[in-house]
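Per-entry structural report
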Amino acid sequence: MRLGALEAGGTKMVCAVGDENGTIFERTSIPTETPEITMPKLIAYFKEKEVEALGIGCFGPIDLNRKSETYGYITTTPKLAWANYNIVGAFKEALGIPVGFDTDVNGSALGEATWGCTKGLENSMYITIGTGVGAGIISNGKLLHGMLHPEAGHVLLEKHPDDTYEGKCPYHKTCLEGLAAGPAIEARWGKKAIELADKKEVWELEAFYIGQALVDYIMILSPERIILGGGVTHQEHMMPLVRKEVQRQLAGYIKTKELEDIENYIVLPSLNDNQGIMGALKLALDELEYER
């Protein structure tokens, strides 16, 4: 079986071909410009590869309600050229194949749940902390959508008593993204995160905010495992700090075997940065089965 996978990002579109086992045969990257420039290149790629279905993990917000008139649209994105764009409809019309669709971070969550370190778990989270913050949630074995889709990067947080930074998010200031994403680190400290690797106070503050958010997610969603991805978590000292902060802020309120083994509860991605593309392959496979 030949399946197409598209990881649609704000700066680049990663296109790939793979199969129902998550094997990736080939991939390429196309810059994200306007739909008029970028879409013909994407369509030409997948036409040439003769894929049976396409899965898209897309930047958002997007409309995932199949009953909605704008299902398959990118909606109120700050990437204005793509606002209110019917990306699923464009591919279906051009390719004539089933097109699965979800958020990029839900795609990563699905990839890990299908082939990675959350396989076999009914409830898990994938959180990416980089330029922005997003979360994909598997609840009772299915991707969580609801009214829209989770925007867990925008949970509101209590500020650290020593933090005078107002917050970067233009909507909420002191949400997780506004306090802990890459642009917030740079705005607070005057340097990019990669230049601050040896500054202990930077990462202790990051751990305070990430840990606080994880405690909120644990209380509400009760995931069986949490995956932390994205550039911020690539700092090798981050994971121990975050785990320690989660335990401190939980304050012993919840006691489970998972939390007792916290090194295997809060973990890094396991699919060598292929989780998004592999998740898109699963979206394609699921859509093929849905339309049969």
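Residues numbered from 1 in each chain as written. Predicted model: local features only at pLDDT ≥ 70, side-chain atom pairs only at ≥ 80, totals over all residues. Heavy atoms only, no water.

Brief notes about the packing of helix 6 (residues 200-221) against helix 7 (residues 238-250)
For clarity, the cut-off: What counts as an axis is a line fitted to C-alpha atoms, over the stretch in contact for a helix, and the angles between N-to-C directions run from 0 to 180 degrees. Each helix is a run of H or I in the DSSP string that is no shorter than four residues. Each strand is a run of E no shorter than two, and both are numbered from the N terminus. For this classification, under 35 degrees means roughly parallel, over 145 means roughly antiparallel, 65 to 115 means roughly perpendicular, and everything else is oblique. For a crossing to be left-handed, the near helix must be turned anticlockwise from the far one by less than a right angle; the clockwise case is right-handed. It only takes one pair of heavy atoms within 4.5 Å for two residues to be counted as in contact. Classification used: nonpolar for Ala, Val, Leu, Ile, Met, Phe, Trp, Tyr, Cys and Pro, charged for Asp, Glu, Lys and Arg, polar for all others including Gly.
One can describe the packing of helix 6 onto helix 7 by two numbers: an axis separation of 8 Å at closest approach and a directional angle of 55°. Relative to helix 7, helix 6 is oriented oblique. Crossing of helix 6 against helix 7: the hand is right-handed. Of the residues in helix 7, those in contact with Trp 203, Glu 204, Glu 206, Ala 207, Phe 208, Ile 210, Gly 211, Gln 212, Leu 214, Val 215, Ile 218 and Met 219 of helix 6 are Met 238, Leu 241, Val 242, Glu 245, Val 246, Arg 248, Gln 249 and Leu 250. When its residues are assigned to classes, the contact of helix 6 with helix 7 shows 13 nonpolar, 3 polar and 4 charged.

Topic: the sheet that holds strand 11 (residues 225-229)
Two pairing modes exist for strands in a sheet, parallel and antiparallel, and in both the strands are linked by backbone hydrogen bonds. Rules: When DSSP finds at least two bridges between two strands, those strands are taken to pair.
The strand order across the open sheet formed by 5 strands is 10-9-8-11-12, and the pairing between neighbours is mixed. Two strands in the sheet have a free side with no partner beyond their single neighbour: strand 10 (142-143) and strand 12 (266-267). Bridging between strand 8 (residues 124-129) and strand 11 involves 5 bridges; their strand directions are parallel. Bridged to Tyr 126 within strand 11 is Ile 227.

A short note on the domain arrangement of the protein
Heads up, the rule is: Source of the domain bounds: an automatic or database domain assignment. Two parts lose some accessible area (1.4 Å probe) when they are put together, and adding that loss for both gives the buried area. Should a side-chain nitrogen of Lys or Arg be within 4 Å of a carboxyl oxygen of Asp or Glu, the pair is scored as a salt bridge.
Assigned domains within the protein: domain 1 (3-104 + 273-291) and domain 2 (117-267). Once you take the C-alpha centre of each, domain 1 and domain 2 turn out to be 27 Å apart. At the junction of the two partners, domain 1 supplies 7 residues and domain 2 supplies 6 residues. Around 550 Å² of area is buried between domain 1 and domain 2 when both sides are counted, 57% of it from carbon and sulfur atoms. It is Leu 64, Asp 102 and Gln 275 in domain 1 that bury the most area against domain 2; as a group they hold 49% of the surface buried on that side. Applying the counting criterion to the domain 1 and domain 2 interface returns 0 salt bridges.

Considering the packing of helix 1 (residues 35-49) against helix 2 (residues 87-95)
Interhelical geometry of helix 1 versus helix 2 gives an angle of 45° and a closest axis separation of 10 Å. Here helix 2 runs oblique to helix 1, going by the angle between their axes. Read as a crossing pair, helix 1 and helix 2 show a hand that is right-handed. Every residue of helix 2 that contacts helix 1 at Met 39, Leu 42, Ile 43, Phe 46 and Lys 47 is listed here: Ile 87, Ala 90, Phe 91, Ala 94 and Leu 95. A class-by-class count of the residues in the contact of helix 1 with helix 2 yields 9 nonpolar, no polar and 1 charged.

Regarding the packing of aromatic side chains
Counted only if it meets this: In this scheme Phe, Tyr and Trp rings, the latter by its six-membered ring, pair at centre separations within 6.5 Å, and the angle between planes marks the pair as stacked below 30 degrees, edge-to-face above 60, and tilted otherwise. Type-normalised accessible area, obtained with a 1.4 Å probe on protein chains alone, sets the label of each residue: buried when under 20%, exposed when over 50%, and partly exposed for intermediate values.
Under the defined criterion, the tally for this structure stands at 5 aromatic pairs. Each ring, one from Tyr 45 and one from Phe 46, has its centre 5.1 Å from the other, and the planes form 85°; the classification is edge-to-face. Under the relative-accessibility criterion, Phe 46 is labelled buried at 1%. Summarising the aromatic geometry, the rings of Phe 59 and Trp 82 are spaced 6.3 Å apart at their centres and angled 90° between planes, so their arrangement reads as edge-to-face. Of this pair, Phe 59 sits in the loop between strand 4 (53-58) and strand 5 (73-74) while Trp 82 sits in the loop between strand 5 and strand 6 (85-86), placing them 23 residues apart in sequence.

Considerations on the pattern of salt bridges
Applying the stated criterion across every chain yields a total of 12 salt bridges. Across the salt bridge formed by Glu 48 and Lys 49, the nearest N and O atoms sit 3.7 Å from each other. Taking the relative accessible area as the measure of exposure, Lys 49 reaches 15% and is therefore buried. Residue Lys 173 pairs with Glu 166 through a salt bridge whose shortest N-O separation is 3.6 Å. Residue class for Glu 166 comes out exposed when judged on its relative accessible area of 52%. Each of the salt bridges in this network shares a partner with another, and the network as a whole consists of Glu 26, Glu 48 and Lys 49.

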